[in-house]
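In case you want the letters, here they are:
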Amino acid sequence: MDNFTGLNSELAETQIDNFARETLKLFGDYNAATNFFIYYLGVNWSSPKAIDFYNKYGPKMWAIRENFNILRSKIAIDAVDAFNDMASANDISVIEIPFSVNPNVGEYVDESDYTPSEYFDFNPLREIVSNPYKESNDGKVGMNIEKVKVIYEIFQEKMKTFISALSNVSTDFALYDPDGSIQASYKSRINKMVETISDTVTEMYTEIDSALETEQNIIITAVQQANDMLRG
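Reading the values: rules and limits
- All chains use their own residue numbering, which begins from 1 and follows the written sequence.
- Given that the model is predicted, a residue must reach a pLDDT of at least 70 before its local features are reported, and side-chain atom pairs must reach 80 or more before they are shown or counted; all residues, however, enter totals for whole chains, interfaces and linings.
- As a rule here, side-chain values come from all non-hydrogen atoms in the structure, and water together with hydrogens is ignored.
- For this analysis, a salt bridge means a side-chain nitrogen from Lys or Arg found within 4 Å of a carboxyl oxygen belonging to Asp or Glu.
- Here a strand is any run of E in DSSP of at least two residues, a helix any run of H or I of at least four, and the numbering for each starts at the N terminus.
- Grouping buried Ala, Val, Leu, Ile, Met, Phe, Trp, Tyr and Cys residues that are joined through side-chain atoms within 4.5 Å yields what is termed a nonpolar core.
- The cut-offs for exposure are 20% and 50% of the maximum accessible area for each residue type, with area from a 1.4 Å probe on protein chains only; residues under the lower value are buried, those over the upper are exposed, and the others partly exposed.
- To estimate how far a helix should extend, the number of its residues minus one is multiplied by 1.5 Å.
- Contacts described as polar in this section are N or O atom pairs within 3.5 Å, which, within protein, must combine one atom able to donate a hydrogen with one able to accept it, while residues neighboring in sequence count only if both atoms come from side chains.
- In this analysis, the protein atoms alone were mapped onto a 1 Å grid. Cavities are point sets where a 1.4 Å probe fits without being able to get out; pockets are open sets with protein on both sides within 12 Å along at least five of seven lines; lining residues have an atom within 4 Å of a point.
- Grid points are joined across faces, edges and corners, and a volume is the space filled by probe spheres set on the points.
- A pair of aromatic rings is counted whenever rings of Phe, Tyr or Trp (Trp by its six-membered ring) have centres within 6.5 Å, and the orientation is called stacked for planes under 30 degrees apart, edge-to-face for over 60 and tilted otherwise.
- Throughout this description, the term charge over a ring refers to an Arg CZ or Lys NZ atom that lies within 6 Å of the ring centre and within 35 degrees of the ring normal.
- Any two residues having at least one pair of non-hydrogen atoms within 4.5 Å are treated as being in contact.
- Lines fitted to C-alpha atoms define the axes here, with helix axes fitted over just the stretch in contact, and angles between the N-to-C directions of these axes take values from 0 to 180 degrees.
- Orientation categories follow fixed angle ranges, with anything under 35 degrees roughly parallel, anything over 145 roughly antiparallel, 65 to 115 roughly perpendicular, and all other angles oblique.
- Gly is put with the polar residues, along with every residue not named as nonpolar or charged; the nonpolar set is Ala, Val, Leu, Ile, Met, Phe, Trp, Tyr, Cys and Pro, and the charged set is Asp, Glu, Lys and Arg.
- Take the far helix as the reference: if the near one is turned anticlockwise from it by less than a right angle, the crossing is left-handed, and if turned clockwise, right-handed.

Colleague: Where do I start with the pattern of salt bridges in this structure?
Modeller: Any two side chains of opposite charge can pair if their charged atoms end up close together. Taken as a whole and assessed by the stated rule, the structure comprises 8 salt bridges. Here Asp78 ties to Arg189 by a salt bridge, and the two come within 3.2 Å at their closest N and O atoms. Within this pair, whereas Asp78 is found in helix 3 (residues 48-89), its partner Arg189 is found in helix 5 (residues 181-214), the two being separated by 111 residues in sequence. Here the salt bridges share partners, and the residues they tie into one network are Lys56, Glu203 and Glu207.

In C-alpha cells, the structure reads:
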C-alpha cells in the first residue's frame, strides 16, 4: 500500500529525524560560538564603541539563535504533518514528531524581545558572570588587540563552518510531493535563514575590522606609559 502513493513511513521518519538531529547540533554549535565571541570580546574591549557594538549585535545574534531553533522545529513538524495527512488518507502508518524537536514550538521572536543579560547569565565555562562591556577597564579605554584577533579568528572560522553546514542540510524527505513544491518551501526557509546569518555576521565583521584599526591597543598603551614613567 505504501508504494501506491510513493510514501514510505520508515524512510520519511528517518529522514526527518536526521534533519532534526543535525539542526539541533548546529543550533548548539551556533550558540557556543556566539556566546564565546560576545563574552570574550567584551572582556577584551572596553570603550563606548564596544558598548554600542554589543547593544547593536547582541539582540541580532540572539534573535537569529532563537528563530533558527524555532525554524528547525517548525520544518520538522510541517514535514511530519504533510506526510501524515497523505498517509491517513491512504491507510498508511503515520509517523511521530522527532524527539529532538519541540512539539509546542512558539512563534518567531524579534530583536526587541531581547534581554540584555542573555549572553552573560553563564559564560562558556557555565559559570555565572556579569556583562563585561564597559566604557573603560581600570581607567583604560580601548582593546586588547592581539587577544581580540585570536577570538575574532576563531569566531569567523566557526561561523564559516556553521553557515556551510546549514546551507547543506538536507530537506529531501520522502513525502508525496510530485512537483517538489513542499520540499522547495523547506529549503527556501533554510536559505533565508542562511542569508540572514551571513548578512549579519558580514556587517559585524566590518565593524570589528574598523575597531581593530581605530581603537587604542590597551596593552601597548600600558607598556608605553610604564616606560615613560621609568624615563621620568
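Colleague: Sorry, what's going on with the nonpolar core here?
Modeller: Most often, soluble globular proteins keep nonpolar side chains buried together rather than apart. Judged by nonpolar contacts, the single largest core of 66 residues is most densely connected at Phe37, Met61, Phe162, Leu166 and Ile197. The leading source of residues in this core is helix 3, at 18 residues.

Colleague: Where do I start with helix 3 in this structure?
Modeller: In an α-helix, one turn spans 3.6 residues, which is why side chains three or four residues apart end up on the same side. Over its 42 residues, helix 3 extends 62 Å from the first C-alpha to the last, a length consistent with the 62 Å expected when each residue adds 1.5 Å. Among the residues of helix 3, the N-terminal cap falls to Ser47, whose side-chain oxygen and the backbone nitrogen of Lys49 are separated by 3.2 Å. Of the residues flanking the end of helix 3, it is Asp91, one or two places downstream, whose phi is positive at about 60°.

Colleague: Where do I start with the layout of surface pockets in this structure?
Modeller: If you roll a probe as big as a water molecule over the atoms, it shows you where there is empty space left. There is about 270 Å³ of room inside the largest pocket. Taken together, Lys60, Ala63, Ile64, Asn67, Leu71, Tyr108, Glu111, Arg189, Lys192, Met193, Thr196 and Thr200 make up the lining of the largest pocket. Elements with a minimum of two residues in the lining of the largest pocket: helix 3 and helix 5.

Colleague: Sorry if this is basic, but what is going on with the packing of aromatic side chains here?
Modeller: Two descriptors summarise a pair of aromatic rings, namely the distance from one centre to the other and the angle between the planes of the rings. Across all of its chains, the model carries 14 aromatic pairs by this definition. Taking 4.2 Å as the distance between ring centres and 10° as the angle between the ring planes, the aromatic pair formed by Phe37 and Phe155 counts as stacked. With Phe37 in helix 2 (residues 9-43) and Phe155 in helix 4 (residues 145-167), this pair connects stretches of sequence that are 118 residues apart. The exposure class assigned to Phe37 is buried, which follows from its relative accessible area of 1%. Taken together, the aromatic side chains of Phe37, Tyr152, Phe155 and Tyr205 make up a single cluster linked through ring pairs. The side chain of Lys74 reaches across the aromatic face of Tyr108, ending 5.7 Å from its centre.

Colleague: Help me out: how do you make sense of the environment of Phe173 in this one?
Modeller: Mapped onto the secondary structure, Phe173 falls in the loop between helix 4 and helix 5. On the basis of relative accessible area, Phe173 is assigned to the buried category, the value being 3%. Separated by 13 residues in the primary sequence, Phe173 and Tyr186 have C-alpha atoms spaced 10.0 Å apart. Once you skip the residues sitting within four places of it in the chain, Phe173 turns out to touch Gln15, Ile16, Phe19, Ile75, Ala79, Gln183 and Tyr186.

Colleague: Can you walk me through the packing of helix 2 against helix 3 in this structure?
Modeller: At a minimum axis distance of 10 Å, the contact between helix 2 and helix 3 shows a crossing angle of 175°. One finds that helix 2 runs roughly antiparallel with respect to helix 3. Per-class residue counts for the contact of helix 2 with helix 3 are 21 nonpolar, 7 polar and 2 charged.

Colleague: Help me understand the packing of helix 3 against helix 5, please; the structure alone is not making it clear to me.
Modeller: Between two packed helices, the angle of one axis relative to the other and the distance separating the axes together describe the packing. One can describe the packing of helix 3 onto helix 5 by two numbers: an axis separation of 10 Å at closest approach and a directional angle of 165°. In terms of orientation, helix 3 lies roughly antiparallel with respect to helix 5. Like other packed secondary-structure pairs, helix 3 and helix 5 cross with a definite hand, here left-handed. When grouped by side-chain class, the residues that make up the contact of helix 3 with helix 5 number 16 nonpolar, 4 polar and 8 charged.

Colleague: It is not clear to me how the environment of Val94 should be interpreted in this structure. Could you clarify?
Modeller: Among the structural elements, Val94 can be located in the loop between helix 3 and strand 2 (142-143). Residue classification places Val94 among the partly exposed residues on the basis of a relative accessible area of 45%. Sequence-wise, Val94 and Phe83 are 11 residues apart; in three dimensions their C-alpha atoms are separated by 7.4 Å. Once you skip the residues sitting within four places of it in the chain, Val94 turns out to touch Asn84, Ala87 and Ser88.

Colleague: Whenever I open this one, the environment of Ser198 confuses me. Can you help?
Modeller: For Ser198, the position within the fold is in helix 5. Taking the C-alpha atoms as reference points, Ser198 and Lys160, 38 residues apart in sequence, are found 9.0 Å from one another.

Colleague: What is the right way to look at unusual backbone geometry in this model?
Modeller: Where the residue is not glycine, phi is negative for most of them; where a peptide bond is considered, it is trans in most cases. Positive phi, close to 60°, is recorded for Asp91, a residue that is not glycine. Relative to the helices and strands, Asp91 is located in the loop between helix 3 and strand 2.

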